[in-house]
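# Remarks on the overall topology
Each chain, letter by letter, is given below.
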Amino acid sequence: MSILFNGRASGASDSAPGLVQRFLMGIVGHLRQAVSSLGELWRSPVWTFVTIAVLGISMTLPATLHVLVKNLQQVSSSYDQSFEISLFLKNDITETDIATLVTLLQGDKEVAKVRLIDKTAAMAEFKQESGFGEAISFLEQNPLPDVLLVTPAQSQPAAAEALLNKLQKERFVELAKLDISWLERLAAIMSLVQQVVYTIAALLLCGALLVIGNTIRLLIMDKKAEIEVMKLVGATDSFIQRPFLYTGIWLGVFGGFLAFLVIELMLYWLRGAIANVTQLYQSGFVLNVLTLQEFGMLMAIAVSLGLVGSYLAVRSHIKAIEPS
Amino acid sequence: MLRFELVSKSYPGGFVALDRVSFELQKGEMAFLTGHSGAGKSTMLKLISLIERPSAGRVVINGIDLSGIRSGQIPYVRRDIGMIFQDHRLLMNHTVFDNVALPLVIEGFTGRDMARRVHAALDQVGLLDKARCLPATLSGGEAQRVGIARAVVNKPPLLLADEPTGNLDPDLSKDIMRVFEAFNQAGVSVLVASHDLGLIARMRYRTMTLKSGKMINDGLLHSEDAE
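Residues numbered from 1 in each chain as written. Chains lettered and ligands numbered in written order. Predicted model: local features only at pLDDT ≥ 70, side-chain atom pairs only at ≥ 80, totals over all residues. Heavy atoms only, no water.

### Considerations on the overall build of chain A
Quick reminder of the rule: Working definition: helices are DSSP H or I runs of at least four residues, strands are E runs of at least two. Numbering for both runs from the N terminus. We take the radius of gyration over the C-alpha atoms and set the globule estimate at 2.2 Å times the residue count to the 0.38 power. Relative accessibility decides the category of a residue: with a 1.4 Å probe and only protein chains considered, values under 20% of the type maximum give buried, values over 50% give exposed, and everything between is partly exposed.
Regarding its fold elements, chain A presents 11 helices and four strands. Its C-alpha radius of gyration of 33 Å places chain A more than 25% over the 20 Å reference for a compact globule of 324 residues. For chain A, the C-alpha atoms occupy an extent of roughly 110 × 45 × 30 Å along the three principal directions. Residues classed as buried in chain A amount to 38% of the 324 residues present.

Put into structure tokens, the structure is as follows:
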């Protein structure tokens, strides 16, 4: 559009009438600028490399911690599975009472599984395992109670505790027991670790943001003369900004990919050591790597850091450059 | 086309660059602006291209008061004005073609349409064969003509030149002036600031003379005045 001269043909909009064609032209223009921004990065390889390295490393640390937390959660959740509430039943109840109670519990939504260890079976097991076999056979009657092992449907300690309190009040139950404190501690530590990870991540990413902003600022200063000329021949600020924003995006892409590579290499290197440990503990632990979704997340964060960092630099510095 | 109404420009510190200057340039007219350096020539051109704003008075182009132009609209105003500089201000790491194409790229031209216009502009200044050269390989006169091609490539109705022959020898200066004459004959309004009085006098166009910010002469300049 021409402001001064009404009706003066100006701009490609007058020569390319089709809306679709203009849209395609726009896309082609953007692609061209994206590619030329990539080429622009090659012109100052040292700064580019330093910036990508800073971004990559800043992303690697929180992402590694994230993987660590994820694997710890996997370990702790395998413990969650195994926690059970032991219900010691009263001595004087009949087998029908027990059967009723089992049916009742199985119908409860909060209960995942009920297993009965009756006193005879418990005695036999105890005899075998404890090594008191002979001494026990002198007992006149079985001192052990019947026990119900109840697995809560929800694996959070809080839910398990609520269930425990409820079961405690059952008529046939002498004592209900759940060793939960260590699980609570584990959960608390996990959430602490998670918060530390997030705080460190936020700080590191702020640092990365500043480094990207500074790199873009240097690029802008480097092209000061060129920007002045562009302003003189009628380029808008947003036109001048665009290549720098693309540069920021490219920095993000490379930085994110670098972080991904470093994490994968590290996990690959650790895998052997972890296999040794898990073998010694006879555990079925499998090291969790980054999923595709997490990789996408990593790249998205890196690219938006690049974009925001360059936008912050561009917004203040391009406006400040005026031809004189 | 271009009108100054009692325009003054003073800078912080009290220096008065222009003092109540008025004139009007008609559509399709060519005029020279002359005076010693520091007389206010550059300031006048900067007020037209909105690099500076006047302290008082109005600058009007085609009936539109430039004081009403917001900073976001300045780029669009500049697209209507072709500007030529003494130091030609070419992008040194881009080819002649890319330099001339810059205003078109900014306006969204691409491909064959753009190339056709760039070649036409280069043809008009006689540099079609240098399209693939870098500015560093050109002579001073050639570089200046590339600057002119860039200024006219999107066919602006108004052409401003600030000391376009400042660094050139007399023969080349004459060539450059002929290029301006050719554009003027094609209907473009041209305003050339220059202190090359001898050359201006020979060209026999309207000449405005500035002295310490005041317009002291507006009309034909005769060779004898130039001494």
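### Observations concerning the interface of chain A and chain B
Where interface size is quoted, it is often the accessible area lost as the parts come together. Rule in force here: Throughout, a residue-residue contact means that at least one pair of heavy atoms, one from each residue, lies within 4.5 Å. Put simply, a salt bridge is a Lys or Arg side-chain nitrogen that is within 4 Å of an Asp or Glu carboxyl oxygen. Contacts described as polar in this section are N or O atom pairs within 3.5 Å, which, within protein, must combine one atom able to donate a hydrogen with one able to accept it, while residues neighboring in sequence count only if both atoms come from side chains.
Contact with chain A, which involves 28 residues of that partner, is made by 35 residues of chain B. Linking chain A with chain B are one salt bridge. Remark: the boundary between chain A and chain B carries three residue pairs in polar contact (both at pLDDT 80 or more). Broken down by secondary-structure element, the contributors of at least two residues to the side of chain A that touches chain B are helix H1 (12-15), helix H2 (19-43) and helix H9 (224-232) of chain A.

### Re the pattern of salt bridges
All names here are of chain B. Across all of its chains, the model carries 21 salt bridges over all chains by this definition. Asp113 is the salt-bridge partner of Arg116, the closest N and O atoms lying 2.8 Å from each other. Here the residue Arg116 and the residue Asp113 both occupy positions in helix H4 (residues 111-124), the gap between them amounting to three residues, near one helical turn. One salt bridge connects Glu142 with Lys130, and the closest N-O pair in it is separated by 3.7 Å. Remark: Lys130 occurs in the loop between H4 and helix H5 (140-152) and Glu142 occurs in helix H5; sequence separation between them is 12 residues. For Lys130, a relative accessible area of 23% gives the class partly exposed. Through salt bridges that share partners, Arg3, Glu5, Arg58 and Asp65 make up one connected network.

### Notes on a nonpolar patch on the surface
For clarity, the threshold we go by: Patch construction takes residues with relative accessible area above 30% that form no salt bridge. Like charges are linked within 9 Å, and nonpolar side chains (Val, Leu, Ile, Met, Phe, Trp, Tyr) are linked within 5 Å. Methods summary: accessible areas were calculated by the Shrake-Rupley approach with a probe of 1.4 Å, and residue burial reflects only the protein chains presented.
On the surface, a nonpolar cluster with roughly 520 Å² of combined accessible area is contributed by Val20, Phe23, Leu24, Ile27 and Leu31 of chain A. Here Leu24 of chain A shows up in helix H2.

### Section: the nonpolar core
Nonpolar side chains tend toward joint burial in soluble globular proteins. Heads up, the condition is: Only buried Ala, Val, Leu, Ile, Met, Phe, Trp, Tyr and Cys residues count toward a nonpolar core, and they belong to the same one when joined by side-chain atoms within 4.5 Å.
In this structure, Phe32, Val100, Val118, Leu122, Ile148, Leu159 and Phe180 of chain B are the most contacted members of the largest nonpolar core, which totals 41 residues. Among the elements of the structure, strand S3 (30-34), helix H3 (96-107), H4, H5, strand S7 (158-162), helix H6 (170-185), strand S8 (189-193) and helix H7 (197-203) of chain B are those that each provide at least two residues to this core. With six residues, the single largest contributor to this core is H5 of chain B. Ile52, Val67, Ala208 and Leu219 of chain A belong to the second largest nonpolar core, which has 38 residues in total.

### Observations regarding the packing of H9 of chain A against helix H10 (residues 237-281) of chain A
Two packed helices can be described by the angle between their axes and the distance between those axes. Residue and element names in this part refer to chain A. Put simply, the test is: Only the stretch in contact is used when a helix axis is fitted, and all axes are lines through C-alpha atoms; the angle between N-to-C directions ranges over 0 to 180 degrees. Helix crossings are classified by the rotation of the near helix relative to the far one: an anticlockwise turn of less than a right angle makes the crossing left-handed, while a clockwise turn makes it right-handed. Polar here means any residue other than Ala, Val, Leu, Ile, Met, Phe, Trp, Tyr, Cys and Pro, which are nonpolar, and Asp, Glu, Lys and Arg, which are charged; Gly is therefore polar.
Where H9 contacts H10, the axes come no closer than 10 Å and their chain directions differ by 145°. Here the hand of the crossing between H9 and H10 comes out right-handed. Taken together, the residues of H10 that come into contact with H9 (itself represented by Ile227, Met230 and Lys231) are Asp237, Phe239, Ile240 and Phe244. For the contact of H9 with H10, the per-class residue count stands at five nonpolar, no polar and two charged.

### Quick look at the sheet that holds S3 of chain B
Across a sheet, strands are paired by hydrogen bonds formed along the backbone, either parallel or antiparallel in direction. Residues and elements named next belong to chain B. Stated formally: Whether two strands pair depends on DSSP finding at least two bridges between them.
Strand order in the open sheet made by the six strands is S6-S7-S8-S3-S9-S10, with mixed pairing throughout. Strands with a single pairing partner mark the edges of an open sheet, and in this sheet they are strand S6 (81-84) and strand S10 (214-220). Across this sheet, the average inter-strand angle for adjacent strands is 15°, counted without regard to direction. One ladder, built from four bridges, connects S3 with strand S9 (residues 206-211); its direction is parallel. Bridge pairing in S9 links Ala31 to Arg206. Together, S3, S6, S7, S8 and S9 form the strand contacts of helix H1 (residues 41-48), whose direction differs from that of S7 by roughly 150°.

### Digging into H2 of chain A
Given 3.6 residues to a turn, an α-helix orients residues that are three or four positions apart in the same direction. The condition that has to hold: Take the number of residues in a helix, subtract one, and multiply by 1.5 Å to get its expected span.
With 25 residues, H2 of chain A should reach 36 Å at 1.5 Å per residue; the first-to-last C-alpha distance of 36 Å fits that figure. Regarding H2 of chain A, the residues found buried are Gln33, Ala34, Ser37 and Leu41 of chain A.

### Considerations on the environment of Asp196 of chain B
All names here are of chain B. Looking at the element boundaries, Asp196 is found in the loop between S8 and H7. Sequence spacing of Asp196 and Phe15 is 181 residues, and the spatial spacing of their C-alpha atoms is 25 Å. Sequence-distant contacts of Asp196, that is, excluding residues within four places in its chain, are made with Thr165 and Ser173.

### A closer look at the sheet that holds strand S4 (residues 56-61) of chain B
Residues and elements named next belong to chain B. Here we have four strands laid out as an open sheet, ordered S2-S1-S4-S5, and antiparallel in their pairing. This sheet does not close on itself; its edge strands, each paired only once, are strand S2 (16-25) and strand S5 (64-65). Judged from the two bridges that link them, S4 and S5 form a sheet pairing that is antiparallel. What sits directly across from Ile61, in S5, is Ile64. Strand contacts of H1: strand S1 (2-10), S2 and S4, with the helix running at about 120° to S1, the strand carrying the most contacts.

### Focus: the packing of aromatic side chains
This is how it is decided: In summary, the pairing rule links any two rings of Phe, Tyr or Trp, Trp by its six-membered ring, whose centres are within 6.5 Å, and it sorts them by plane angle into stacked for under 30 degrees, edge-to-face for over 60 and tilted for everything else. Remark: a charge is flagged as sitting over a ring if the NZ atom of Lys or the CZ atom of Arg is within 6 Å of the ring centre and within 35 degrees of the ring normal.
Across all of its chains, the model carries seven aromatic pairs over all chains by this definition. Ring centres of Phe257 of chain A and Phe295 of chain A lie 6.5 Å apart, and the angle between their planes is 75°; on these two criteria the pair is classed as edge-to-face. Highlighted residues: Phe257 of chain A in helix H10 and Phe295 of chain A in helix H11 (residues 292-320), separated in sequence by 38 residues. Relative accessible area serves as the criterion here: at 39%, Phe257 of chain A is assigned to the partly exposed category. Taken together through their ring pairs, the aromatic side chains of Phe257, Phe260 and Phe295 of chain A make up a single cluster. In this arrangement the basic side chain of Arg89 of chain B is found over the ring face of Phe85 of chain B, its NZ or CZ atom lying 5.3 Å from the centre. Arg132 of chain B extends its terminal NZ or CZ atom over the ring of Phe97 of chain B, reaching a point 5.1 Å from the ring centre.

### Describing unusual backbone geometry
All names here are of chain B. In this structure, Glu163 takes a positive phi of about 50° despite not being glycine. Examined against the element boundaries, Glu163 turns out to sit in the loop between S7 and H6. Here the phi dihedral of Ser212 falls at roughly 40°; this positive angle occurs in a residue that is not glycine. Note that Ser212 resides in the loop between S9 and S10.

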